[in-house]
Amino acid sequence: MIVPVIKVENLKMYYKTKMGYVQAVDGISFELEAGESLGIVGESGCGKTSVSMTLLRTLPENAHFMGGHVWFNDNGKMVDLTQLPEDEMRHYRWRGISMVFQAAMNSLNPVYKVGDQIVEAILNHYPDTPIDQAKAKVAKLFELVTLDPKRMEQYPHQYSGGMKQRAVIALSLACDPKVIIADEPTTALDVIVQDKILRELKKIQKELNMAMIYISHDIAVIAEVSDKIAVMYAGKFVEEADSTTIFKRPMHPYTFLLMNAFPSHVGPKKKLFTIPGEPPNLLNPPKGCRFAPRCPWADNRCREQDPEYVEVEKGHYLACWHPLTEEVRQNELRK
Amino acid sequence: MSLENKGKKTLLEVKNLKKYFPAERALFARAKHFVHAVDDVSFELIEGESLGLVGESGCGKTTTGRMIVRLETPTDGIIKVYEKNINEYNRMEYHSMVQMIFQDPYESLNPRMTIFDIIAEPLNIHNVGTLEEREERVMKLLSEVGLTPPDSFLWRYPHELSGGQRQRVAIARALVLNPKLIVADEPTSMLDVSVRTGVMQLMMQLQEEHSVSYLYITHDLAVARYMVNRIAVMYLGKIVELAETEELLSHPLHPYTKALMDAVPVPDPEYKRSEPNIIGNISVPIDPPPICRFYDRCPFREVLGNRCKVEEHPPLKEVAPGHYVACYAVHEGKIMK
């Protein structure tokens, strides 16, 4: 039996506001093996970034952990990260799970040399490392992300956007993490630079046999980097499967509409689908299935009862009362 | 051209348009160096046709659009609308023909005005109709852009609307004077996928109903494919390739267009993209040498010996009907479809 590197069970995290609780992460489950990559795709405000913050426990003050487990495989022993005291959690942060942040431009300190910032990260987590060894490690990391090691002596403002993003990836790899979370790491970059970063990230992930969680709103990017894809809507996963299944045989109406709402510049020009309405406010999400108000297939049961998230076929998870069949999909595409 | 535009009038004509911005100017000193943001750009737009300006950030696409709506003064060159230089129109005349939609619907609407005031403002400025007529026109536009029932939106403020709804308000405002040309600068790039297609389809539908042309500025080739008849690809202030949309996407010729197309991720996990064939990174065109603007990054720069290194930037030349390319290697048949 293969033991996962990370296993998340029914994770819940709400933000407390004056108007009530925002149900940003509402019962999320998934697991990931070494060398595997999971793409989490969803629209802005669906809670995908909150998932990563909850996993790392780097939450703002008004965030409330509401339950669930994050099992992390520490050399064969499964540790529940949600139950650890903060000083023990620090041990797993960066060494166990690290993160490539969304705004790479702002996640480097402008007044320190880039190389020194990464050396600092290593020394923070492994205080006994001799400094020369740490520096040699950073030089190696720079080569891995195709940056000239001479640039270790430079400051962030001397870097271009793509170079900063590479430095941030090197930083996230500094302590040999088992899991790396990449939260929209290429959103601010132009496509040619984005292409290079994606290729490098994929290569490094396979070489180091890391598990990767890649978070993005861009379905095309997710399609390219992920072995499996989880579709998130209004604080919940609605469907998860291997990437081909998600694209070719989606069963959840939201997944199906989303995949067909995305234009492509290659292949035949397809009709684009629209999804009526807007995503719900998570302060007061709709009763029943959260997608029901926008779903063309919704009936009374959908509006009353929230469907459970279950495994419908091997490795294919779904929360829907009316899974789409091949016939329905083909009919819709022909319309 | 194979478009059904024969007999229609030329709406917009841009000729040798240039915009240089001073770079690194010391206090009181005269600028010595210039960023060539837009450098000798020419194109035409026929009534009812839409053109996409596509390129990466810093390629000059937005500056071109801003000059066309007179938000920026050209350094050199001519812009004509209906065969008349745009400076010869007075402001009112001009803006009843040419309007703009901006990228960020959170910035482009005045937060202290109601939706009615925002959409009716151009009517007030141009003194069109009585108050009742204005209200009727605004109501009609609101329902046309899909904000229904319109009277429930009239007296609301922008902060009460979502991003997609705000962009619909911006579209209604741009349409209220029945313009002939709308410069749309990335109007859907801030919107979520599920909302974006709705706005794109709305814009396509309104184009037919109001017979308006778009100059559609975007970095996204896939979006441009659905919105425009022709695409002009820009690189560092120059148009490097211009062709009908499907022709350009199926037979790109310029090495930059090819690289750009290979770099765009495809929403299909089974599709294997080839790696973009391009050297190095994008730079800023400060006092660029007169040779081909793409020279430093071009993988084909030596196929014609040192010609690309010594001759001036290649002209946009028609290599197939309606398909223009600025590349000597393509002109000489060294790069094929």
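Residues numbered from 1 in each chain as written. Chains lettered and ligands numbered in written order. Predicted model: local features only at pLDDT ≥ 70, side-chain atom pairs only at ≥ 80, totals over all residues.

An unreviewed UniProt entry annotates chain B as ABC transporter ATP-binding protein of Fervidobacterium thailandense.

As annotated in an unreviewed UniProt entry, chain A carries the name ABC transporter ATP-binding protein and comes from Fervidobacterium thailandense. UniProt lists a comment for chain A under the heading Subcellular location (unreviewed entry), and it reads "Cell membrane". The UniProt entry for chain A carries the following text under Sequence similarities (unreviewed entry): "Belongs to the ABC transporter superfamily." (UniProt positions renumbered as here; feature names shortened; annotations may be inferred.)

A few words on the overall build of chain A. For chain A, the helix and strand inventory stands at 11 helices and 12 strands. Taken against the 2.2 N^0.38 rule, which gives 20 Å for 335 residues, the C-alpha radius of gyration of chain A at 21 Å falls within 12% of a compact globule. Here chain A holds 335 residues, and 48% of them are scored as buried. The long-range share in chain A, meaning contacts at least 24 apart out of those at least 6 apart in sequence, stands at 63%. (Helix = DSSP H or I, 4+ residues; strand = E, 2+ residues; numbered from the N terminus. Rg over C-alpha atoms; globule rule 2.2 N^0.38 Å. Buried ≥ 20, exposed ≤ 12 C-beta atoms within 10 Å, placed from the backbone. Contact = placed C-beta atoms within 7 Å.)

In this section: the pairing of strand E2 (residues 20–32) of chain A. Residue and element names in this part refer to chain A. Here strand E1 (residues 6–17) pairs with E2 via nine bridges, running antiparallel. Residue pairing across strands places leucine 11 opposite isoleucine 28, the latter belonging to E2. A loop of two residues connects E1 with E2, the two strands running antiparallel in sequence. (Pairing = 2+ DSSP bridges.)

Attention now goes to the interface of chain B and chain A. The partner chain A presents 30 residues to the 32 residues of chain B that form the contact. Going through the elements one at a time, helix H6 (193–210), helix H7 (221–227) and helix H9 (255–263) of chain B are the ones with two or more residues in the side of chain B that touches chain A. Per-element accounting of the side of chain B that touches chain A gives the leading share, six residues, to H6(B). Looking at the side of chain B that touches chain A, its residues break down into 19 nonpolar, eight polar and five charged. (Nonpolar A, V, L, I, M, F, W, Y, C, P; charged D, E, K, R; others polar.)

On to the nonpolar core, then. A:Ala170, A:Val231, B:Leu215 and B:Val233 are the most contacted members of the largest nonpolar core, which has 196 residues in total. Broken down by element, the residue count for this core peaks at seven residues, all from helix H5 (residues 161–173) of chain A. Here this core gathers at least three residues from each of two domains, domain 1 (6–226) and domain 2 (236–334) of chain A. Excluding residues that lie within four positions of it along the chain, B:Val233 makes contacts with B:Val54, B:Gly55, B:Ile239, B:Val240, B:Glu241, B:His254, B:Tyr256, B:Thr257 and B:Leu260. (Core = buried A, V, L, I, M, F, W, Y, C linked by C-beta atoms within 7 Å. Domains from an automatic or database assignment.)

Moving on, we come to helix H5 (residues 163–175) of chain B. One turn of an α-helix holds 3.6 residues; hence residues three or four places apart share an orientation. Residues and elements named next belong to chain B. For H5, which comprises 13 residues, the first-to-last C-alpha distance of 19 Å matches the rise-based estimate of 18 Å (1.5 Å per residue) to within 8%. Summarising burial for H5: 12 of the 13 residues are buried, a large majority. For H5, the complete set of buried residues consists of Gly164, Gln165, Arg166, Gln167, Arg168, Val169, Ala170, Ile171, Ala172, Arg173, Ala174 and Leu175. Close packing links the buried residues of H5 with strand E6 (98–101), helix H3 (115–125), helix H4 (131–144), strand E7 (181–185) and H6. (Expected span 1.5 Å × (residues − 1).)

A word on unusual backbone geometry. Residue and element names in this part refer to chain B. Residue proline 149 follows threonine 148 across a cis peptide bond; omega there is -10°. Looking at where proline 149 falls in the secondary structure, it is placed in the loop between H4 and H5. Despite not being glycine, glutamate 83 has its phi angle at roughly 60°, a positive value. Locating glutamate 83 in the fold gives a position in the loop between strand E4 (76–81) and strand E5 (84–85). Assessed through the 9 C-beta atoms surrounding it within 10 Å, glutamate 83 is described here as exposed.

Bringing the pairing of strand E10 (residues 236–242) of chain A into the picture now. Residues and elements named next belong to chain A. Of all seven residues in E10, six are buried; the element is thus mostly enclosed. Here strand E9 (residues 228–233) pairs with E10 via six bridges, running antiparallel. By the bridge assignment, alanine 230 is partnered in E10 with glutamate 240. In sequence, E9 turns back onto E10 through a hairpin of two residues, with alanine 234 there showing a positive phi of about 50°.

All names here are of chain A. The strand order across the open sheet formed by eight strands is E6-E7-E8-E3-E9-E10-E12-E11, and the pairing between neighbours is mixed. Two strands bound the open sheet, and with one partner strand each, they are strand E6 (97–100) and strand E11 (310–313). Shown here is a sheet whose adjacent strand axes are inclined to one another by a mean of 25°, direction ignored. Taken together, the two bridges between E10 and strand E12 (residues 316–318) define a ladder with antiparallel strand orientation. (Axes fitted to C-alpha atoms, helices over the stretch in contact; angles between N-to-C directions.)

Next up on the list: the confidence of the model for chain B. Summing up the model confidence of chain B, the mean pLDDT is 92 and the portion of residues at 70 or higher is 97%. At the level of chain-chain contacts, confidence expressed as ipTM amounts to 0.87, with global pTM at 0.90. (pLDDT = per-residue confidence, 0-100.)

What follows concerns helix H4 (residues 131–144) of chain A. Residues and elements named next belong to chain A. Taking 1.5 Å per residue, 14 residues should reach 20 Å; H4 reaches 20 Å between its end C-alpha atoms and fits that length. Of all the residues in H4, the buried ones are Ala134, Lys137, Val138, Leu141 and Phe142. With its buried residues spanning 145° around the axis, H4 presents them on a single face. Those residues of H4 that are exposed and angled more than 90 degrees off the buried face are Asp132, Ala136, Lys140 and Glu143. Of the residues trailing H4, threonine 146 is marked for its positive phi of about 55°. (Arc of directions from axis to C-beta.)

Residues and elements named next belong to chain A. Read from one edge to the other, the open sheet built from four strands follows the order E2-E1-E4-E5, with strand pairing classed as antiparallel. Each edge of the open sheet carries a strand with a single partner, namely E2 and strand E5 (77–80). When strand polarity is set aside, the average angle formed by the axes of neighbouring strands in this sheet is 15°. Helix-sheet contacts for helix H1 (residues 48–56) involve E1, E2 and strand E4 (63–74), and the interaxial angle to E2 is about 70°.

This part covers the packing of helix H3 (residues 114–125) of chain A against H4(A). All names here are of chain A. With their axes 9 Å apart at the nearest point, H3 and H4 run at an angle of 120° to one another. The orientation of H3 with respect to H4, classified from their angle, is oblique. In this structure, H3 crosses over H4, and the sense of that crossing is right-handed. Taken together, the residues of H4 that come into contact with H3 (itself represented by Gly115, Ile118, Val119, Ile122 and Leu123) are Ile131, Ala134, Lys135, Lys137, Val138 and Leu141. (Parallel < 35°, antiparallel > 145°, perpendicular 65-115°, else oblique. Left-handed = near helix turned anticlockwise from the far one by under 90°.)

Residue and element names in this part refer to chain A. Taken domain by domain, chain A holds domain 1 (6–226) and domain 2 (236–334). On a C-alpha basis, the centres of domain 1 and domain 2 stand 28 Å from each other. With 17 residues of domain 1 at the contact, the number on the domain 2 side is 13 residues. Secondary structure elements with two or more residues in the side of domain 1 that touches domain 2: E2 and helix H7 (219–225). Examining the composition of the side of domain 1 that touches domain 2, we find that nine residues originate from one element, E2, more than from any other. Considering only residue class, the side of domain 1 that touches domain 2 consists of nine nonpolar, six polar and two charged.

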